[in-house]
Amino acid sequence: MKIKDYLIIILLPITIIVAFIMVYFSIGLESYNYIYPHIDTEFTAEFKKENFDKIQVGMTRSEVEMILGKSFGFDSLNGYTDDFIKKEFKYLDYYSHDGKFEFADFAWEFYGIYYDKDTLVIKKQTRWYYD
């Protein structure tokens, strides 16, 4: 065998492995996309981050809806916020969810608003999910 043949035998598998690793990290598989972070985050039609920042504790659900528009869902939940002073929440409105990008599964950013039993805002939350 010639040196060229040995190089092909050694370099071909290494090249294939490196290419596989590059494809794995570029298509997602629950990784964070640094080029387009919200590639897999679907937002409601009227959602704007600037408007989400305007939401204050104590607002009513109708006030929130006037600022952010309709949410994807209004779920009845029971739980406590993870703040230092825990507050009981009863409802959750969410304005983003997973699944916008069809060809791979990237991390996505959650935007939600928690309400008490009187549907007054007690907390707003953003967080990244790697599910």
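Structural data are supplied above this passage.
Residues numbered from 1 in each chain as written. Predicted model: local features only at pLDDT ≥ 70, side-chain atom pairs only at ≥ 80, totals over all residues. Heavy atoms only, no water.

(A) Region of the structure containing the nonpolar core. In this structure, Phe 47, Phe 52, Ile 55, Met 59, Val 64, Leu 68, Tyr 95, Tyr 111, Ile 113, Tyr 115 and Val 121 together form the largest nonpolar core, which totals 11 residues. Those elements that place two or more of their residues in this core are helix 3 (61-68) and strand 5 (108-115). Residues within four places of Tyr 111 in sequence aside, it is in contact with His 38, Phe 43, Phe 47, Lys 49, Phe 52, Asp 93, Tyr 94, Tyr 95, Ser 96, Gln 125 and Thr 126. (Core = buried A, V, L, I, M, F, W, Y, C linked by side-chain atoms within 4.5 Å. Buried < 20%, exposed > 50% of the residue type's maximum accessible area, 1.4 Å probe, protein only. Helix = DSSP H or I, 4+ residues; strand = E, 2+ residues; numbered from the N terminus. Contact = heavy atoms within 4.5 Å.)

(B) Focus on the environment of Gly 73. Along the chain, the position of Gly 73 falls in strand 2 (residues 73-80). Relative accessible area serves as the criterion here: at 10%, Gly 73 is assigned to the buried category. When the C-alpha positions of Gly 73 and Leu 92 are compared, they lie 7.8 Å apart, and in sequence the two are 19 residues distant.

(C) Up close: the side chain of Asp 40. Tracing the sequence through the fold places Asp 40 in the loop between helix 1 (3-27) and strand 1 (41-43). Engagement of the side chain of Asp 40 in a polar contact is seen with the backbone nitrogen of Phe 101, the distance being 2.9 Å. A polar contact is formed between the side chain of Asp 40 and the backbone nitrogen of Phe 106, at a distance of 3.2 Å. Residues within four places of Asp 40 in sequence aside, it is in contact with His 97, Asp 98, Gly 99, Lys 100, Phe 101, Ala 104, Asp 105, Phe 106, Ala 107 and Trp 108. (Polar contact = N/O pair within 3.5 Å; in protein donor to acceptor, adjacent residues only side chain to side chain.)

(D) Up close: the pairing of strand 5. Judged by how many residues are buried, strand 5 sits mostly within the fold: 8 of 8 residues are covered. Of the two faces of strand 5, both are covered, the one formed by Trp 108, Phe 110, Gly 112 and Tyr 114 as well as the one formed by Glu 109, Tyr 111, Ile 113 and Tyr 115. Two strands pair when backbone bridges link them, and strand 3 (residues 88-94) and strand 5 are joined in this way by 4 bridges, in the antiparallel orientation. By the bridge assignment, Tyr 91 is partnered in strand 5 with Tyr 115. Two elements, strand 5 and strand 6 (residues 121-129), share 8 bridges in a ladder whose sense is antiparallel. If you follow Phe 110 over to strand 6, its bridge partner there is Arg 127. Counting the residues between successive antiparallel strands, the hairpin from strand 5 to strand 6 contains 5 residues, one of them, Thr 119, with a positive phi of roughly 55 degrees. (Pairing = 2+ DSSP bridges.)

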